[in-house]
Amino acid sequence: MKEIAGVCSNTFKILIVDDIPLNLLLLDKMLKPFEFQLVKAANGREALHAIQERLGTPEEIDLAIVDLMMPDIDGYKVIEVLRNGANDGEFNIPAHSKEQLPIVILSGMNFSEDIKRGLELGANQFVTKPVVMAQLYSTITEELTKKIQAGKCQ
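In this text, all values refer to a predicted model and were calculated from it rather than measured experimentally.

**A look at the packing of aromatic side chains**
- Here the structure, examined in full by the defined rule, presents 3 aromatic pairs.
- Both rings, one in phenylalanine 34 and one in tyrosine 137, keep their centres 3.8 Å apart while their planes meet at 15°; by these two values the pair is stacked. On the criterion of sequence distance, the pair formed by phenylalanine 34 in the loop between α1 (21-31) and β4 (37-41) and tyrosine 137 in helix α5 (residues 133-149) is long-range, its members being 103 residues apart.
- By relative accessible area, phenylalanine 34 is classed as buried at 12%.

If you want it as structure tokens, here you go:
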């Protein structure tokens with residue numbers, strides 16, 4: 001059993017959001033050894049609904065890994081909604097701080113303006129594709145450790 005800051009890794013709910021099914025499959029396989037509880041979404045709308053449905057439950061999402069370029073609701077909009085909140089008829093999601101819900105961008109869009117925009121909207125970190133497992137796991141561990149230390153885990 002893996003631990004992050006003294007907490008068993010299998011207690012963490014990680015949302016992975018990507019519109020390419022192969023990317024979701026690869027992330028699932030890469031993260032499987034760490035025994036996280038993975039929730040998958042194929043686009044931003046599915047991601048926001050998954051977060052909304054789990055709010056205030058023991059299944060609440062602990063960290064989101066979000067692609068930027070997706071149809072319908074892109075990753076930028078997901079970050080914006082999670083940081084600022086939304087109550088628009090479709091979504092009723094309160095604003096989440098970086099400690100409450102860390103967001104890691106995982107994208108091939110690695111131009112400086114993409115990175116800057118994602119971080120300015122409130123993402124915690126930016127990891128580029130193709131993903132290096134050690135880098136992704138290190139980023140996840142760092143963000144979940146900050147969350148635990150801030151006392152923001154369920």
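On we go from here.
**Here we look at the packing of helix α3 (residues 75-84) against helix α4 (residues 112-121)**
- Closest axis-to-axis distance for the α3/α4 pair is 9 Å, and the angle between their directions is 20°. By the angle class used here, α3 and α4 are roughly parallel. In terms of crossing hand, the pair formed by α3 and α4 is left-handed. The segment α3 lies against α4, with Tyr76, Ile79, Glu80 and Arg83 engaging Asp114, Arg117, Gly118 and Leu121.
- Split into classes, the residues belonging to the contact of α3 with α4 amount to 3 nonpolar, 1 polar and 4 charged.

**Digging into the packing of α1 against α5**
- One can describe the packing of α1 onto α5 by two numbers: an axis separation of 11 Å at closest approach and a directional angle of 75°. Classified by the interaxial angle, the pair formed by α1 and α5 is roughly perpendicular. Residues Leu27, Met30 and Leu31 of α1 form the contact with α5, whose own contacting residues are Met133, Leu136 and Ile140.
- Its residues assigned to classes, the contact of α1 with α5 comprises 6 nonpolar, no polar and no charged.

**Quick word on the sheet that holds strand β8 (residues 103-107)**
- Judged by pairing direction, the sheet is parallel, and its 5 strands sit side by side in the order β4-β3-β5-β8-β9 without closing on themselves. Two strands lie at the open edges of the sheet, namely β4 and β9 (125-128), each paired on one side alone. Within the sheet, the average angular offset between the axes of one strand and its neighbour, ignoring direction, is 20°.
- Of the pairings in the sheet, the one linking β8 to β9 comprises 4 bridges and is parallel in character.

**Concerning the environment of cysteine 8**
- Turning to its location among the elements, cysteine 8 is positioned in strand β2 (residues 7-8).
- With 26 residues separating them along the chain, cysteine 8 and phenylalanine 34 place their C-alpha atoms 9.5 Å apart.

**Side note on α5**
- Between the first and last C-alpha of α5 there are 24 Å, a value that for 17 residues agrees with the 24 Å anticipated at 1.5 Å per step.
- Glycine 151, located one to two residues past α5, shows a positive phi value of around 75°.

**Some thoughts on the side chain of lysine 13**
- Of note, lysine 13 is situated in strand β3 (residues 13-17).
- Put simply, lysine 13 is tucked away with no salt bridge, and the nearest opposite charge, on aspartate 62, sits 4.7 Å away.
- A polar contact is formed between the side chain of lysine 13 and the backbone oxygen of threonine 11, at a distance of 3.0 Å.

What counts and how
Here the residue index of a chain counts from 1 through its sequence in written order. Note on the predicted model: pLDDT of at least 70 is required for a residue's local features to be given, and 80 or more for side-chain atom pairs to be given and counted; whole-chain, interface and lining totals, by contrast, use all residues. As a convention, hydrogens and water are excluded, and side-chain values are obtained from all of the structure's heavy atoms. Each Phe, Tyr or Trp ring (for Trp, its six-membered ring) is paired with any other whose centre lies within 6.5 Å, and the angle between the two planes then decides the class: stacked below 30 degrees, edge-to-face above 60, tilted in between. Think of it this way: any DSSP run of H or I at least four residues long counts as a helix, any run of E at least two long counts as a strand, and we number them from the N terminus. For every residue, the accessible area obtained with a 1.4 Å probe (protein chains only) is divided by the maximum for its type, and the residue is called buried under 20%, exposed over 50%, and partly exposed between those limits. The angle between two axes is taken between their N-to-C directions and runs from 0 to 180 degrees, where each axis is a line fitted to C-alpha atoms and a helix contributes only its stretch in contact. Angle categories: roughly parallel below 35 degrees, roughly antiparallel above 145, roughly perpendicular from 65 to 115, and oblique for all the rest. By the definition used in this description, the sense in which the near helix is turned from the far one sets the handedness, with an anticlockwise turn below a right angle giving left-handed and a clockwise turn giving right-handed. When checking whether two residues touch, look at their non-hydrogen atoms; a contact exists if any pair is within 4.5 Å. Gly falls in the polar group here, along with every residue not listed as nonpolar (Ala, Val, Leu, Ile, Met, Phe, Trp, Tyr, Cys, Pro) or charged (Asp, Glu, Lys, Arg). Pairing between strands requires that DSSP locate at least two bridges from one strand to the other. By this rule, a helix spans an expected 1.5 Å times one less than how many residues it contains. We score Asp and Glu as negative and Lys and Arg as positive, and we do not count His or the chain ends. Salt bridges, as used here, are contacts in which a Lys or Arg side-chain nitrogen is within 4 Å of a carboxyl oxygen on Asp or Glu. Throughout this description, a polar contact denotes any pair of N or O atoms lying within 3.5 Å of each other; where both atoms belong to protein, one of them has to be capable of donating a hydrogen while the other can accept it, and for residues adjacent in sequence the pair is counted only when both atoms sit in side chains.

It is worth stressing that arrangement in space is one thing and function is another; only the former is reported here.
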